[in-house]
Amino acid sequence: MEETKPKLKLAVYWAAACGGCCVSVLDVHEKLFDIISAADLVFWPIALDTKYHDVEKMPDGYIDITLFNGAIRNTENEEMAKLLRKKSKILVAYGSCAHLGGIPGLANFTTKDEIFKRVYFESESVVNEKNLIPVPEYKAEEGTLFLPSFYNDVRALSQVTEPDYYLPGCPPQSERLLEVFKAIVSGAELPPKGSVIGAETKTQCDECIRKKTENKRIKKFYRPWEIKDDGITCFMEQGVLCMGPATRAGCGYRCIKGNAPCRGCYGPPPGVPDPGAKMMSAVASIIDEKDPEGINKILEDLADPAGTFYRFSLPVSLIRRKIL
Amino acid sequence: MENLRIGVYICMCGTNIAKIVDVEAVAKFASEVPEVVLAKSYKYMCSNPGQEMIIQDIKENNLNRIVVAACSPNMHERTFRSALRIAGLNQYLLEMANIREQCSWVHSDPVEATEKAKALVNAAISRVKLHEELESVSARMCPNVLVIGGGIAGMTAALELADAGNTVYLVEKENHLGGNLARVDLTAPYLYSARDLLTERITRINNNKNIKVFLSSKVTSLTGYIGNFRAVIQNLVSIQEGKTRDTEVEIGNVIVCTGYKEFDASRIVHYGYGKLPNVITSFEFEKMLRAGRIETKEGKTPKYVAIIHCVGSRSQEFHSYCSRVCCMTALKYAHEIKSAIPDCYVSDIYIDMHAFGKGHEDFYRSSSQAKTLFLMYEKGDRPVIHKAGPKDDCGMLIEVNEKLSGETIEIPADLVILMVGMEAREDAYEVARIVNISQDKEGWFIESHPKLEPVATTTDGVFIAGTCVAPKDIPDTVAQARAAAARILARIAKEKIEIDALYSEVNPNLCSGCRLCNLLCPYSAIEFLEDKKQSHIISALCKGCGVCVAACPSSAIKGRHFTDQQILAQVEGLLAEKL
Ligand SMILES: Cc1cc2nc3c(=O)[nH]c(=O)nc-3n(C[C@H](O)[C@H](O)[C@H](O)COP(=O)(O)OP(=O)(O)OC[C@H]3O[C@@H](n4cnc5c(N)ncnc54)[C@H](O)[C@@H]3O)c2cc1C
Ligand code: SF4
Ligand code: SF4
Ligand code: SF4
Ligand code: SF4
Ligand code: SF4
Ligand code: SF4
């Protein structure tokens with residue numbers, strides 16, 4: 001590749017993340033060399049030993065692109081989100097956690113106190129005889145020590161700062177990252193700020209090649225292991241809840257190809273403010289029973305409805321968290 | 001986007017609203033909401049001066065959104081929409097806040113009621129900002145009509161429509177026209193010959209070039225929507241021969257006149273129908289009358305004839321309804337037997353004598369004078385028929401718990417006529433499914449309103465007439481057939497059909513073809529386009545009920561005038577903190 005343009009400066013950061021998103025950047029395999037030849041990685045905690053104060057020293061707008069993954073769980077996450085916003089020309093909410101709150105966002109079904117109680121006192125693997133609990137500030141002989149404070153709510157990146165783009169997925173499909181990256185490097189015209197990139201506007205069912213008929217009526221729900229999947233028929237028509245109808249296409253329906261129903265990581269299509277509510281309303285419409293008791297019986301087989309419908313999107317949904 | 005200029009009107013409804021809600025305070029509150037140009041209260045907004053005020057204000061202040069806080073939109077939405085139209089504004093740029101039924105009428109605390117009225121007005125203001133101009137669309141009205149069933153109802157409707165110059169496809173599954181009436185001899189109460197009635201109709205139909213009769217045929221599919229249906233008519237004879245001869249026709253409206261079938265008397269084992277040779281049904285007796293010979297199976301002239309009413313009707317076990325024609329038919333039989341065999345003893349065993357129609361009571365009186373023995377039995381009870389002994393001078397004996405005398409009476413009979421009731425045909429379900437109409441628990445087709453819309457159905461363009469709706473006699477059947485034809489003629493005269501603007505539509509840029517919505521529409525308005533692999537709503541069929549809008553998981557379906565954004569804005573307006 002000829003060096004005509006100055007190299008881009010690229011950063012990848014993880015907040016409340018599992019690490020999967022950072023690994024997905026490596027998943028581009030040998031194409032990583034293309035990235036490195038077009039961009040210098042200036043900050044990437046999983047791979048480089050750059051410190052936070054190095055980032056603080058960078059001039060504003062110094063970084064061309066930051067791929068920010070992970071949700072906002074504590075003060076450190078929020079500070080870094082705001083810092084990287086300032087230092088970056090393009091801030092991308094990368095992956096479901098940054099985009100929607102993601103898996104960590106399911107913690108909004110409980111509270112900080114309940115989480116601490118479970119983790120520091122009740123967990124089967126914990127021995128905590130002195131009943132210690134982390135505190136954000138501790139005065140030691142050497143001086144005051146600080147820990148980030150843990151919030152009651154998990155938030156998505158857009159709830160603490162303004163990302164330019166959202167690249168969905170848990171984690172995003174590596175090919176889509178490459179496409180987006182190439183588009184930025186090539187200087188092509190970028191979509192309007194606030195857009196979801198690297199995904200389609202229609203939902204999974206548009207691409208999914210499983211056979212669909214008009215008969216979507218559900219008499220009984222099954223968990224995937226309870227049926228013998230024929231590998232051909234739409235999961236919903238086999239009574240297995242598939243989030244595909246309420247989830248943006250773009251991953252190449254990769255779970256369905258692997259004979260598992262879609263769990264919804266690519267998030268809602270445009271115009272759907274609350275994918276969980278939308279999917280619940282859809283499912284309610286196709287339950288094939290009129291008698292209230294019969295309906296309850298059918299619904300009993302739907303395992304963990306809240307976690308299923310809101311698996312990736314609770315913090316950005318209309319309900320946002322458990323209230324009572 | 002255009003500049004919003006909102007006018008808000010608070011109605012006092014005389015004192016209906018004003019006695020609880022401080023309308024001045026609500027108007028003052030509204031006038032301070034951004035983009036509200038003016039807010040006024042008035043004694044009766046729906047009165048002419050009230051509407052005139054809106055029209056004037058729209059013209060003078062260039063208002064482009066109107067909120068009227070008054071009674072239920074069910075009451076006066078039309079009134080205010082028409083005011084907008086007169087002022088040259090699209091009628092859908094109006095929103096009503098119901099501060100009467102949902103506020104002043106149900107609250108007694110004026111302070112709280114006023115706060116609630118403000119919230120309702122604020123919700124309406126938030127919503128009206130997102131209202132869009134909507135236009136109703138019109139579709140072609142094809143003047144051809146499909147009539148299913150060639151009984152007296154179907155034939156009458158066909159003639160009415162064809163005489164006005166329209167093409168009618170008349171489909172009859174038997175190999176002749178006439179239906180059940182072709183099995184009847186004289187008709188009650190005036191004793192006109194059924195044959196004469198039918199011959200007149202059939203001859204006129206055969207001579208009418210506008211009527212295409214399909215005998216031994218059935219309709220196998222109906223697609224499209226009012227004004228623009230397509231039907232497939234299948235020839236049943238060719239099917240038996242292993243071929244198919246289908247005819248496809250274009251029509252604008254359909255009348256279903258598939259009639260009834262008689263109750264199967266062998267279901268009541270006590271009467272011995274099918275075992276005792278001289279227990280026959282009314283239809284079998286009609287056959288004797290038509291042949292001009294009343295006789296027993298053995299070929300003898302009966303000395304005693306008994307007629308039993310309500311066979312299969314007015315019973316918890318079979319049909320709870322009254323079949324409406326059998327009482328008068330029974331009297332007709334008494335009359336005909338007496339004139340054919342003057343010394344024959346006729347007994348008439350009934351529950352109540354239902355003689356409600358025109359001329360029926362007179363007919364009842366004249367029959368009673370013809371020396372018929374009337375015996376009344378209790379609803380829920382049943383006369384018992386035995387074979388007579390060798391010493392009796394009759395074939396059978398009937399035991400009746402006579403209600404008026406309170407005694408058990410035994411009467412002789414050589415011939416017993418069972419007045420079998422009417423019931424829905426076995427294939428009524430199939431017909432209902434093909435033309436997309438509903439059936440009640442007894443299988444009769446359901447009208448869209450039992451009092452005000454007796455021949456229309458919930459599917460626009462599909463009408464029902466005659467005994468397929470419920471048991472009835474010939475005059476009522478004919479009246480319904482003519483009513484359905486008149487409804488259609490009025491529509492054909494307009495040439496076009498107006499389709500309400502409040503339908504839902506699928507956005508092809510968002511529909512993924514998941515097919516989740518496909519079977520949900522109560523009006524069958526959703527079709528799946530195989531070539532595009534997407535769903536589509538036929539706007540002429542859609543009633544804007546919103547079922548599919550709520551179901552579509554991709555929000556690809558937009559309910560016009562009820563968009564998510566409009567509803568959410570309304571909710572936000574209602575819950576806004578600073579009021
Ligand atoms: C014993 C008896 C005596 C009666 N006497 C009198 C009387 O004296 N006076 C009086 O006013 N009323 C009388 N009635 C009532 C009278 O018979 C009815 O009011 C009248 O026949 C109803 O006509 P219709 O066209 O609605 O139905 P029908 O006569 O049942 O005609 C329906 C037609 O539709 C056809 N059809 C059905 N299904 C289909 C299909 N799927 N496709 C195509 N074609 C189909 C049938 O073959 C039939 O030809 C009597 C009834 C009975 C039972
Ligand atoms: S989006 Fe998925 S892969 Fe990425 S950090 Fe969150 S949980 Fe991990
Ligand atoms: S519901 Fe799931 S399995 Fe069915 S078509 Fe959609 S994505 Fe495929
Ligand atoms: S199929 Fe669904 S859950 Fe699986 S990767 Fe794609 S969007 Fe995510
Ligand atoms: S018309 Fe008379 S015989 Fe017929 S069901 Fe009604 S009451 Fe009984
Ligand atoms: S809005 Fe109602 S009537 Fe219209 S297509 Fe949807 S379900 Fe059918
Ligand atoms: S439910 Fe929505 S996305 Fe699915 S087929 Fe119907 S319109 Fe299309």
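What you see is a predicted model, and the numbers here were worked out from it, not measured in a lab.

Okay, the overall build of chain B next. Along chain B, the regular secondary structure elements total 15 helices and 30 strands. Rg of the C-alpha trace for chain B: 32 Å, well past the compact-globule value of 25 Å for 579 residues, more than 25% over. By its C-alpha atoms, chain B is 100 × 60 × 40 Å across when sized along the principal axes. Put simply, chain B has 579 residues, and 54% of those count as buried. In chain B, the proportion of contacts linking residues at least 24 apart, taken out of those at least 6 apart, comes to 69%. Of the roughly 26600 Å² of accessible surface on chain B, 51% is carried by carbon and sulfur atoms. Treating the 65 positive side-chain charges of chain B as one cloud and the 71 negative ones as another, the clouds have centres 3 Å apart.

Turning to the side chain of Asp64 of chain A, a few remarks are in order. All names here are of chain A. Note on placement: Asp64 falls in strand β3 (residues 63-69). Of note is the side chain of Asp64, whose polar atom sits 2.8 Å from the backbone nitrogen of Lys9. Not counting residues up to four positions away in its chain, the partners in contact with Asp64 are Lys7, Leu8, Lys9, Lys89 and Ile90.

Glancing now at the site of ligand 6. Contacts to ligand 6 come from 14 residues, most closely from Cys521, Cys542, Cys545, Gly546 and Cys548 of chain B. Split into classes, the residues belonging to the shell around ligand 6 amount to 10 nonpolar, 3 polar and 1 charged.

Our next topic: the site of ligand 1. All names here are of chain B. Around ligand 1 sit 40 residues in total, of which Glu172, Asn180, Ala188, Thr467 and Ile474 are the nearest. At 3.4 Å, a side-chain N or O of Asp427 approaches a nitrogen atom of ligand 1. Surface burial for ligand 1 is 97%, taken as the share of its 1000 Å² of free accessible area covered by protein chains. Going through the elements one at a time, α6 (152-163), β8 (186-187), α9 (282-291), α10 (326-340) and α13 (474-494) are the ones with two or more residues in the shell around ligand 1. Of the residues assigned to the shell around ligand 1, the class counts are 17 nonpolar, 14 polar and 9 charged. Each of domain 2 (145-259 + 425-497) and domain 3 (265-421) gives at least three residues to the shell around ligand 1.

For the rest of this paragraph, the subject is empty space enclosed by the protein. Residue and element names in this part refer to chain A. What the rule picks out here adds up to 10 cavities of 30 Å³ or more. Of the volumes computed, that of the largest cavity is approximately 110 Å³. Lining the largest cavity are 14 residues; nearest its centre among them are Cys205, Cys208, Cys234, Phe235 and Cys242. When the residues that make up the lining of the largest cavity are grouped by side-chain class, the tally is 9 nonpolar, 2 polar and 3 charged.

Let's shift gears to helix α10 (residues 275-286) of chain A. With 12 residues, α10 of chain A should reach 16 Å at 1.5 Å per residue; the first-to-last C-alpha distance of 17 Å fits that figure. Along α10 of chain A, the residues classified as buried are Pro275, Gly276, Lys278, Met279, Ala282, Val283 and Ile286 of chain A. Down the axis of α10 of chain A, the buried side of the element spans an arc of 165°, and every buried residue falls inside it. Summarising the contacts, the buried residues of α10 of chain A are in contact with α12 (305-309) of chain A together with α14 (547-551) of chain B.

Looking now at the interface of chain B and chain A. Facing the 22 residues of chain B at the interface are 25 residues of chain A. Both faces considered, chain B and chain A share a buried interface measuring about 1800 Å² in area, 58% of it formed by carbon and sulfur atoms. Considering only the surface of chain B that becomes buried against chain A, Leu516, Leu519 and Pro553 of chain B emerge as the three largest contributors, covering 30% of it. Our enumeration of links across chain B and chain A arrives at 0 salt bridges. Linking chain B with chain A are 7 residue pairs in polar contact (both at pLDDT 80 or more). If you list the elements that add at least two residues to the side of chain B that touches chain A, you get α14 and α15 (564-575) of chain B. If one sorts the elements of the side of chain B that touches chain A by residue count, α14 of chain B sits on top with 3 residues.

All names here are of chain B. On inspection of all chains with the given rule, the structure shows 53 salt bridges over all chains. Of the charged contacts, one joins Arg204 and Glu200 as a salt bridge, the two residues approaching to 3.3 Å between their closest N and O atoms. Taken as a pair, Arg204 and Glu200 lie in helix α7 (residues 194-207) at a separation of 4 residues, close to a single helical turn. Under the relative-accessibility criterion, Glu200 is labelled partly exposed at 36%. The salt bridge partner of Glu286 is Lys332, with a shortest N-O separation of 2.9 Å. Note that Glu286 is positioned in helix α9 and Lys332 in helix α10, a separation of 46 residues in sequence. Residue Glu286 shares its accessibility class with Lys332, and that shared class is buried.

What follows is about helix α7 (residues 174-185) of chain A. Residue and element names in this part refer to chain A. Compared with an ideal rise of 1.5 Å per residue, which puts 12 residues at 16 Å, α7 spans 16 Å between its outermost C-alpha atoms and is within 8% of the ideal. Buried within α7 we find Ser174, Arg176, Leu177, Leu178, Val180, Phe181 and Ile184. Gly187 sits one or two positions beyond α7 and adopts a positive phi of about 75°.

Further remarks concern the sheet that holds strand β19 (residues 372-376) of chain B. All names here are of chain B. A sheet is described by the order of its strands in space; here 5 strands give the open sequence β16-β23-β17-β18-β19, paired in parallel fashion. Of all the strands in the sheet, the pair left with one neighbour each is β16 (279-281) and β19. With direction set aside, neighbouring strand axes in the sheet form an average angle of 20°. Sheet topology places β16 next to strand β23 (residues 415-420); 3 bridges connect them, and they run parallel. Note on β23: the bridge partner recorded for Thr281 is Leu418.

Here the structure, examined in full by the defined rule, presents 14 aromatic pairs over all chains. Each ring, one from Phe43 of chain A and one from Tyr52 of chain A, has its centre 6.4 Å from the other, and the planes form 75°; the classification is edge-to-face. For Tyr52 of chain A, a relative accessible area of 31% translates into the label partly exposed. With a centroid separation of 4.9 Å and 70° between ring planes, the pair formed by Phe285 of chain B and Tyr333 of chain B is classed as edge-to-face. Taken as a pair, Phe285 of chain B in helix α9 and Tyr333 of chain B in helix α10 lie far apart in primary sequence, 48 residues in all. Take Phe285 of chain B: its relative accessible area is 0%, and that puts it in the buried class. The buried category is assigned to Tyr333 of chain B, whose relative accessible area is 1%. One aromatic cluster is present, built from ring pairs that chain together Tyr13, Phe43, Tyr52 and Phe68 of chain A. A cation over a ring is seen here: Arg210 of chain A above Phe235 of chain A, with NZ or CZ 4.0 Å from the ring centre.

Further remarks concern the domain arrangement of chain B. Residue and element names in this part refer to chain B. Here chain B is partitioned into domain 1 (6-134), domain 2 (145-259 + 425-497), domain 3 (265-421) and domain 4 (502-560). A C-alpha centroid distance of 31 Å is found between domain 2 and domain 4. Each side of the interface is counted separately: domain 2 has 5 residues, and domain 4 has 6 residues. Looking at the side of domain 2 facing domain 4, the largest losses of area belong to Tyr225, Asn436 and Thr458, adding up to 65% of the total buried there. Our enumeration of links across domain 2 and domain 4 arrives at 1 salt bridge. Here Asp460 and Lys543 are joined by a salt bridge, their closest N and O atoms 3.7 Å apart. Split into classes, the residues belonging to the side of domain 2 that touches domain 4 amount to 1 nonpolar, 3 polar and 1 charged.

Residue and element names in this part refer to chain B. Buried residues dominate strand β18 (residues 345-350), accounting for 5 of its 6 residues. In this sheet, β18 lies alongside strand β17 (residues 304-311) in parallel orientation, the contact comprising 5 bridges. Residue pairing for β18: Tyr304 is matched across the bridge by Tyr345. Between the parallel elements β17 and β18, the chain passes through α10 in a crossover that is right-handed. Pairing of β18 with β19, which is carried by 5 bridges, proceeds in the parallel orientation. Residue pairing in the sheet places Ile349 in a bridge with Leu375 of β19. A crossover connection joins β18 to the parallel β19 through helix α11 (residues 360-369); in handedness this β-α-β unit is right-handed.

Criteria and cut-off values
- Residues numbered from 1 in each chain as written.
- Chains lettered and ligands numbered in written order.
- Predicted model: local features only at pLDDT ≥ 70, side-chain atom pairs only at ≥ 80, totals over all residues.
- Heavy atoms only, no water.
- Helix = DSSP H or I, 4+ residues; strand = E, 2+ residues; numbered from the N terminus.
- Rg over C-alpha atoms; globule rule 2.2 N^0.38 Å.
- Buried < 20%, exposed > 50% of the residue type's maximum accessible area, 1.4 Å probe, protein only.
- Contact = heavy atoms within 4.5 Å.
- Areas by Shrake-Rupley, 256 points an atom, 1.4 Å probe, with all protein chains shown as cover.
- Lys, Arg positive; Asp, Glu negative; His and termini not counted.
- Charge placed at Lys NZ, Arg CZ, Asp CG, Glu CD.
- Polar contact = N/O pair within 3.5 Å; in protein donor to acceptor, adjacent residues only side chain to side chain.
- Near = heavy atom within 4 Å.
- Nonpolar A, V, L, I, M, F, W, Y, C, P; charged D, E, K, R; others polar.
- Domains from an automatic or database assignment.
- 1 Å grid on protein atoms, 1.4 Å probe; cavity = no way out; pocket = protein on both sides within 12 Å on 5 of 7 lines; lining within 4 Å.
- Points joined across faces, edges and corners; volume = space filled by probe spheres on them.
- Expected span 1.5 Å × (residues − 1).
- Arc of directions from axis to C-beta.
- Buried area = accessible area lost by both parts, 1.4 Å probe.
- Salt bridge = Lys/Arg side-chain N within 4 Å of Asp/Glu carboxyl O.
- Pairing = 2+ DSSP bridges.
- Axes fitted to C-alpha atoms, helices over the stretch in contact; angles between N-to-C directions.
- Phe/Tyr/Trp six-rings, centres within 6.5 Å; stacked < 30°, edge-to-face > 60°.
- Lys NZ or Arg CZ within 6 Å of the ring centre and 35° of its normal.
- Right-handed = clockwise from strand over helix to strand, strands pointing away.

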